[in-house]
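# An overview of the molecular structure
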Amino acid sequence: MGKNTELLIGQTLVFAPKLPARAEHDSRGGVLIRDGVIEAVGHGETLKAAHPDVPVTDVGDGVILPGFIDAHVHYPQTAIIASWGKRLIDWLNTYTFPEEMKFADPAYAAQIACRFFDLSLAHGTTTVASYGTVHAASVDAFFEEASARGLRAVAGKTCMDRNAPDGLMDTPQSAYDDSRALLERWHGHDRLSYAITPRFSPTSTRDQLSALGTLWTENPTCPMQTHLAEQTDEVVWVAELFPEARDYLDTYEAAGLLGVGGLYGHAIHLTDREWSRMGEVGGALVHCPTSNAFIGSGLFDMDRGLSAPMPVGLATDTGGGSSFSMLRTMASAYEVAQLRGRALSAAELLWLATIGSAQALRLDDKIGRLAPEYEADLIVLNLASTPAIAQRAAQANDIWEAIFPTIMMGDDRAIAEVRIMGQRIAPQG
Ligand code: GUN
Ligand code: ZN
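Structural notes, computed from the coordinates. (Residues numbered from 1 in each chain as written. Chains lettered and ligands numbered in written order. Predicted model: local features only at pLDDT ≥ 70, side-chain atom pairs only at ≥ 80, totals over all residues. Heavy atoms only, no water.)

### Quick word on the sheet that holds strand E6 (residues 125-131)
Keep this limit in mind: By the convention used here, strands pair only if DSSP detects at least 2 bridges between them. The helix count covers DSSP runs of H or I at least four residues long, the strand count covers runs of E at least two residues long, and both are numbered beginning at the N terminus. Orientation is described by axes fitted as lines to C-alpha atoms, over the contacting stretch for helices, and by angles from 0 to 180 degrees between their N-to-C directions. By definition, residues are in contact when any of their heavy atoms lie within 4.5 Å.
Spatial strand order, E5-E6-E7-E9: four strands in an open sheet with parallel pairing. One side of each edge strand has no neighbouring strand; the edge strands of this open sheet are strand E5 (68-74) and strand E9 (192-194). Across the sheet, the axes of successive neighbouring strands diverge by a mean angle of 20°, strand direction being ignored. Where E6 and strand E7 (residues 153-156) come together, three bridges link them in parallel fashion. Counterpart to Tyr-131 in the pairing with E7 is Gly-156. Helix H3 (residues 106-122) rests against E5 and E6 of the sheet, and its axis sits at about 135° to E6. Here helix H12 (residues 326-339) sits on the sheet and contacts E5 and E6; the angle it forms with E5, its principal contact strand, is near 85°.

### Some points on unusual backbone geometry
Which entries qualify depends on this criterion: Residue exposure (1.4 Å probe, protein chains only): buried if accessible area is under 20% of the type maximum, exposed if over 50%, otherwise partly exposed.
Note that the residue after Leu-19, namely Pro-20, is joined by a cis bond; omega there is 0°. The step from Thr-318 to Gly-319 runs through a cis peptide bond, and the omega angle for that step is -5°. Looking at the secondary structure, you find Gly-319 in the loop between strand E14 (312-314) and H12. The residue Asp-317 is not glycine, and still its phi comes out positive at about 55°. With respect to the element layout, Asp-317 can be found in the loop between E14 and H12. Of the residues examined, Asp-317 reaches a relative accessible area of 4% and is grouped as buried. Residues other than glycine seldom take positive phi values, yet Glu-373 does so here, at roughly 80°. Position of Glu-373 among the secondary structure elements: in the loop between helix H13 (346-360) and strand E15 (378-381). Glu-373 sits in the exposed class, given a relative accessible area of 68%.

### Focus: the pattern of salt bridges
Counted only if it meets this: Salt bridge, as used here, is a side-chain nitrogen of Lys or Arg placed within 4 Å of a carboxyl oxygen of Asp or Glu.
All told, the structure shown has 28 salt bridges when counted by the stated rule. Residue Glu-99 is joined to Lys-102 by a salt bridge in which the shortest nitrogen-to-oxygen separation is 2.9 Å. What makes Glu-99 buried here is its relative accessible area of 5%. The salt bridge partner of Glu-401 is Arg-392, with a shortest N-O separation of 3.5 Å. Since its relative accessible area comes to 32%, Arg-392 is described here as partly exposed.

### Side note on the sheet that holds strand E13 (residues 284-287)
Spatial ordering of the open sheet is given by E11-E12-E13-E14, a layout of four strands whose pairing is parallel. The open sheet has two free edges, formed respectively by strand E11 (224-228) and E14, since each of these has just one partner strand. Each adjacent strand pair in this sheet contributes to an overall mean axis angle of 30°, direction not counted. Note that E11 and strand E12 (residues 262-266) share five bridges and pair parallel. In the strand pairing of E12, Met-224 is matched with Gly-262.

### Focus: the site of ligand 1
Spelled out, the test is: Near, as used in this document, describes a residue that has one of its heavy atoms within 4 Å of the molecule or strand being considered. By the criterion applied in these results, polar contacts are pairs of N or O atoms within 3.5 Å in which, for protein atoms, one can donate a hydrogen and the other can accept it, and in which residues neighboring in sequence qualify only through two side-chain atoms. Computed with a 1.4 Å probe, the accessible areas rest on the Shrake-Rupley method; for each residue, only the protein chains presented here act as cover. Each residue receives one of three labels: charged for Asp, Glu, Lys and Arg, nonpolar for Ala, Val, Leu, Ile, Met, Phe, Trp, Tyr, Cys and Pro, and polar for the others, Gly being one of them.
Neighbouring residues of ligand 1: 13 residues in total, closest His-74, Gln-77, Arg-199, Glu-230 and Asp-317. Within the side chain of Gln-77, one N or O atom sits 2.9 Å away from an oxygen atom of ligand 1. One of the side-chain N or O atoms of Asp-317 is found 2.8 Å from a nitrogen atom in ligand 1. Summarising the interface, the protein chains cover 100% of the accessible area of ligand 1, which totals 280 Å² for the free molecule. Of all the elements, helix H2 (residues 88-101) adds the most residues to the shell around ligand 1, at three residues. Here the residues of the shell around ligand 1 are counted per class, giving five nonpolar, five polar and three charged.

### Some thoughts on the coordination of the zinc ion (ligand 2)
Short version of the rule: As a rule, N, O and S atoms within 2.8 Å of a metal are its donors, except that Na, K and Ca use 3.2 Å; water is not among the atoms, so sites may look incomplete.
The protein atoms that coordinate the zinc ion (ligand 2) are His-72 (NE2), His-74 (NE2), His-227 (NE2) and Asp-317 (OD), at distances spanning 2.0 to 2.5 Å. Donor residues binding the zinc ion (ligand 2) come from one chain and are separated in sequence as H-x1-H-x152-H-x89-D. Placement of the pair is His-227 in strand E11 and Asp-317 in the loop between E14 and H12, with a sequence separation of 90 residues. His-227 sits in the buried class, given a relative accessible area of 6%.

This is a description of form; function is not addressed.
Below you can see the structure in the form of structure tokens.
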């Protein structure tokens with residue numbers, strides 16, 4: 001066997017692809033990697049006996065998992081994470097828009113893209129779906145960095161043609177033209193996907209939304225990402241801006257921006273009609289719990305999300321979110337659900353951060369699972385990364401009790417290893 005083959009042995013959690021979330025645990029599981037792809041998953045000793053010439057890496061008690069998938073981030077907001085603010089619109093105007101202006105400089109975009117991937121990878125996130133800024137070069141910078149690192153990644157140019165500062169606006173035509181040129185350059189190149197990206201209805205005219213709806217119809221394999229019903233004031237504003245619309249979701253549907261492959265971030269203040277319409281159509285809801293707590297947006301109904309027919313993903317929403325860590329994000333999802341009377345299990349939380357987000361991105365045949373033919377983007381979790389976590393994990397009766405303290409209290413210190421297409425990378429942050 002060649003040097004492109006390796007057998008990883010450690011604890012494994014192999015999730016079933018469909019809900020309800022459940023996983024097979026093996027305290028000495030094995031993942032056989034060949035040429036960057038998972039070839040087999042099974043018991044470590046069995047795989048070792050079947051492949052005696054393959055080099056073995058034993059991670060001991062470490063838990064081998066698929067890398068986390070962050071289904072909604074704004075990489076250009078890396079440098080303004082954790083900025084004090086009142087409400088969404090105020091926070092956007094005070095911090096976000098001035099920072100996004102800086103991306104007119106491609107060198108700044110390249111610098112932040114590099115910093116963003118350093119931070120995300122150090123936190124065990126191997127795929128993100130990111131917004132760029134209005135500047136096409138912000139998307140080039142993101143994809144160039146992702147490509148150099150061999151990452152699977154999703155991004156798009158943020159389109160806005162009203163209610164934003166002059167330097168951050170495009171037009172219906174330039175949004176269409178620039179997005180199309182970027183899509184042709186990047187979509188399907190290496191491991192990259194282009195996402196058509198109207199920021200949200202308040203910052204796009206009907207003409208712009210429709211131009212992007214046309215582009216999506218012409219390129220249906222692209223994801224489409226936007227924001228939906230994040231704050232009550234925003235929902236009221238949308239009703240004022242679009243008096244003809246039945247509700248917020250209808251502003252997207254009227255423009256051809258509702259469909260499979262659509263990623264609708266936040267989705268907190270949805271009406272029953274919007275829930276059932278999204279279920280019929282199969283667009284994905286993306287839960288951003290640290291952001292929703294940080295900006296005071298509200299409590300997403302994950303109980304309803306998990307029993308609804310559409311995909312549901314999990315995301316940091318950096319920098320509205322207050323952490324790069326999907327562990328911290330799972331902890332926040334747990335707390336938000338608790339406040340609505342639903343205790344999410346450790347299995348559900350891990351499922352959301354891997355398979356759930358992969359399904360939302362329609363990449364669930366490639367990433368998010370320990371299974372043959374999946375790309376070997378993997379992490380190893382240390383379940384004793386701090387004294388507080390270690391002493392709780394030592395009392396655990398099973399893997400779920402052992403992993404839950406890391407979900408609730410873990411951060412980048414819990415990420416012992418990160419692998420991209422099987423290759424170990426040096427975590428840096
Ligand atoms: N709604 C529109 N743009 C944004 C953004 O950048 N962050 C968040 N959290 N919500 C938004
Ligand atoms: Zn967002």
